[in-house]
Amino acid sequence: MSVARLPFILLKLILLLSLYSQSSAAVEQVSIPAGSFHMGCASADNHCQKDEGPRGGVEIFVDTFSIDRHEASVADYRRCVTAGACSHPKDFNRNHYCNYDAPGRDNHPLNCVDWQQANSYCQWRGGRLAYEAEWEKAARAGTNSRYPWGNHDATCKHAIMDDQKTKGLINDEYDGCGNDQTWSRGSRPANAYGLYDMHGGVAEWVNNWYEPTSHSDIYPQDISAPKTGVRKVIRGGAWDEQSEALTSSSRWAKPPTGHPSLYGSNGIRCVNTKR
């Protein structure tokens with residue numbers, strides 16, 4: 001029987017299977033075991049902001065989840081756009097810092113997306129954005145220090161960032177370890193969980209609305225709360241930020257939608273809690 005004569009319901013099923021295959025292509029996840037960890041300001045950190053919680057952290061329980069080994073790439077997100085499930089992000093033609101449609105950047109992390117675009121991508125994948133506590137547990141990878149490699153400041157040896165020391169292709173420019181842009185994913189060593197670019201690269205949107213006292217007042221009872229708010233939390237620091245923005249406890253927040261120029265450093269990493 002020719003494709004043209006197949007019943008409509010079968011054609012629809014073939015289309016759905018094709019879209020599912022595209023959404024699942026080449027995205028590897030790491031399973032993070034259930035357990036408690038100390039979330040927030042490390043004991044050795046003298047520079048934490050008030051919204052990072054008390055020094056020494058707060059004990060938070062997190063159930064088992066799986067998280068993407070890498071940040072979502074340009075190629076990953078393009079599959080979602082092609083499937084009609086994601087909107088076209090701000091691209092290279094509008095701003096040369098944006099990776100979408102930039103020559104040679106298909107394996108760079110997607111950036112220039114707002115929270116709603118990040119959320120839509122993860123939903124298309126059959127998952128969601130991480131809760132903030134999940135994100136930090138994954139980023140710490142069993143450590144209680146300022147960074148997963150210890151308490152000394154992040155440098156370009158550890159992450160794609162602005163360390164005010166490393167010069168690259170562009171004179172007098174330190175962003176992106178001297179290249180004034182992102183790098184290919186996995187350009188720096190993974191943490192102990194096998195996760196790449198949890199610090200630097202692009203900052204990553206998480207699921208939670210921002211609340212300054214979440215660590216002490218909310219997350220011990222419910223890591224998915226608060227349910228409403230004005231800004232969404234962003235974690236991990238980015239290629240154009242310095243070491244204080246890259247600590248395991250550092251947190252930022254922005255409106256979930258807005259002018260795309262606000263989101264040039266922000267990208268996506270998804271989680272899945274299905275067993």
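Placed above this text is the structure.
All of these numbers come straight from a predicted model, not from anything done at the bench. The residue numbering used here restarts from 1 in each chain and proceeds along that chain's sequence as written. Since the coordinates come from a predicted model, pLDDT governs what is reported: local features require at least 70, and pairs of side-chain atoms require 80 or more to be given and counted, while whole-chain, interface and lining totals use all residues. Only hydrogens and water are set aside; all other atoms, that is, all heavy atoms of the structure, feed into the side-chain values.

Draft legend 1. Structural view of the sheet that holds strand β7 (residues 232–235). Strand order in the open sheet formed by four strands is β8-β7-β6-β9, with mixed pairing between adjacent strands. Of all strands in the sheet, those bounded by a partner on one side alone are β8 (251–254) and β9 (266–267). Pairing between strands is defined by DSSP: at least two bridges between them are needed. In this description a helix means any DSSP run of H or I spanning at least four residues, a strand means any run of E spanning at least two, and both kinds are numbered starting from the N terminus. Pairing between strand β6 (residues 203–209) and β7: three bridges, direction antiparallel. Its bridge partner being in β7, E204 is matched across the sheet by R235.

Draft legend 2. Quick look at unusual backbone geometry. Omega for the bond connecting A225 with P226 falls within 30 degrees of zero, at -5°, which places this linkage in the cis form. When you line up the elements, P226 lands in the loop between α5 (214–217) and β7. The backbone phi angle of C177 is positive, close to 55°, even though this residue is not glycine. With respect to the helices and strands, the residue C177 is situated in the loop between α4 (132–140) and β6. The backbone of D197 sits at a positive phi, close to 60°, despite the residue not being glycine. Within the fold, D197 resides in the loop between α4 and β6.

Draft legend 3. Broad picture of the packing of aromatic side chains. Pairing of aromatic side chains requires ring centres within 6.5 Å, counting the rings of Phe and Tyr and the six-membered ring of Trp. Pairs whose planes differ by under 30 degrees are stacked, by over 60 edge-to-face, and all others tilted. Counted according to the given criterion, the structure contains six aromatic pairs. Aromatic pair Y77 and Y121: ring centres 5.9 Å apart, planes at 35°, arrangement tilted. Of this pair, Y77 sits in helix α2 (residues 74–82) while Y121 sits in helix α3 (residues 115–124), placing them 44 residues apart in sequence. Each residue is assigned to one of three classes by its accessible area relative to the maximum for its type, calculated with a 1.4 Å probe on protein chains only: buried under 20%, partly exposed between the two thresholds, exposed over 50%. Residue classification places Y77 among the buried residues on the basis of a relative accessible area of 0%. Centre to centre, the rings of Y147 and W149 are 4.8 Å apart; their planes meet at 10°, and the pair counts as stacked. Take Y147: its relative accessible area is 0%, and that puts it in the buried class. Positioned above the aromatic ring of W183, the side-chain terminus of R188 is 4.7 Å from the ring centre. Directly above the aromatic system of W209 lies the positively charged group of K232, at a separation of 4.0 Å from the ring centroid. Only Lys NZ and Arg CZ are tested; either one counts as a charge over a ring when it is within 6 Å of the ring centre and within 35 degrees of the ring normal.

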